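Here is what each chain is made of, one letter per residue.
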Amino acid sequence: MKEDKKHKLASDQQSAELVREAIKDDQALTDVAKDIHVTVKDGTVTLEGKVATEQQLNLATNTAGAIAVDDKVKNHMDVTKNK
């Protein structure tokens, strides 16, 4: 059972890094990538922080969803403009 837990932790860490890289590499998110905090627990990606527009929020969520297990993404980000 301990091996399973270690594997999950490694997978969660790898998933978080993949999401961070994908967000950082997206030209539309370059300006706000540093403000988006990514955590992954049991395959569920949680996004926190601030983005400038709804479009950036949706793009970050979709990017995370493409990597998350079963599309599990919790979005706790705030939009600072265009509200």
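In case you missed it, the structure is sitting above this.
Residues numbered from 1 in each chain as written. Predicted model: local features only at pLDDT ≥ 70, side-chain atom pairs only at ≥ 80, totals over all residues. Heavy atoms only, no water.

1. Some details on the environment of V51
Take V51: it is sitting in strand β2 (residues 44-51). Under the relative-accessibility criterion, V51 is labelled buried at 1%. The spacing of V51 and V32 is 19 residues in sequence and 5.8 Å in space, taken between C-alpha atoms. If sequence neighbours within four positions are ignored, V51 has contacts with V32, I36, Q56, L57, M77, D78, V79 and T80. (Helix = DSSP H or I, 4+ residues; strand = E, 2+ residues; numbered from the N terminus. Buried < 20%, exposed > 50% of the residue type's maximum accessible area, 1.4 Å probe, protein only. Contact = heavy atoms within 4.5 Å.)

2. Details of the nonpolar core
Grouped together as the largest cluster of nonpolar side chains are 18 residues, with contacts concentrated most on I23, I36, V38, V45 and L47. Among the elements of the structure, α1 (2-25), β1 (36-41), β2, α2 (54-67) and β3 (73-79) are those that each provide at least two residues to this core. Among all residues touching I23, those that are not within four sequence positions of it are L29, A33, I36, V38, L47, A60 and T63. (Core = buried A, V, L, I, M, F, W, Y, C linked by side-chain atoms within 4.5 Å.)

3. Section: the sheet that holds β1
Taken together, 3 strands build an open sheet; the order of strands is β1-β2-β3 and the sheet is mixed. Of all the strands in the sheet, just β1 and β3 have a single pairing partner and so form its edges. Across the sheet, the mean angle from the axis of one strand to that of its neighbour is 10°, orientation sign disregarded. With 6 bridges connecting them, β1 and β2 associate as antiparallel partners. When the sheet's bridge partners are listed, T39 is paired in β2 with T46. Packed on one face of the sheet, α2 meets β1, β2 and β3 and runs near 160° to β3. (Pairing = 2+ DSSP bridges. Axes fitted to C-alpha atoms, helices over the stretch in contact; angles between N-to-C directions.)

4. As for the pairing of β3
As defined by bridge partners, β2 adjoins β3 across 7 bridges and the pair is classed as parallel. For V45, the partnering residue across the bridge sits in β3 and is V73. For the crossover from β2 across α2 to β3, the handedness is right-handed. (Right-handed = clockwise from strand over helix to strand, strands pointing away.)

5. Topic: the pattern of salt bridges
Taken as a whole, this structure holds 3 salt bridges when the rule is applied. The partner of R20 in a salt bridge is E17, and the shortest N-O contact between them spans 3.5 Å. With R20 and E17 both in helix α1, this residue pair falls 3 residues apart, about one helical turn. With relative accessibility at 38%, the residue E17 sits in the partly exposed group. Notably, a salt bridge pairs E21 with K24, separated by 3.6 Å at the nearest N-O pair. On the criterion of helical spacing, the pair formed by E21 and K24 is a turn pair, its members being 3 residues apart in helix α1. (Salt bridge = Lys/Arg side-chain N within 4 Å of Asp/Glu carboxyl O.)

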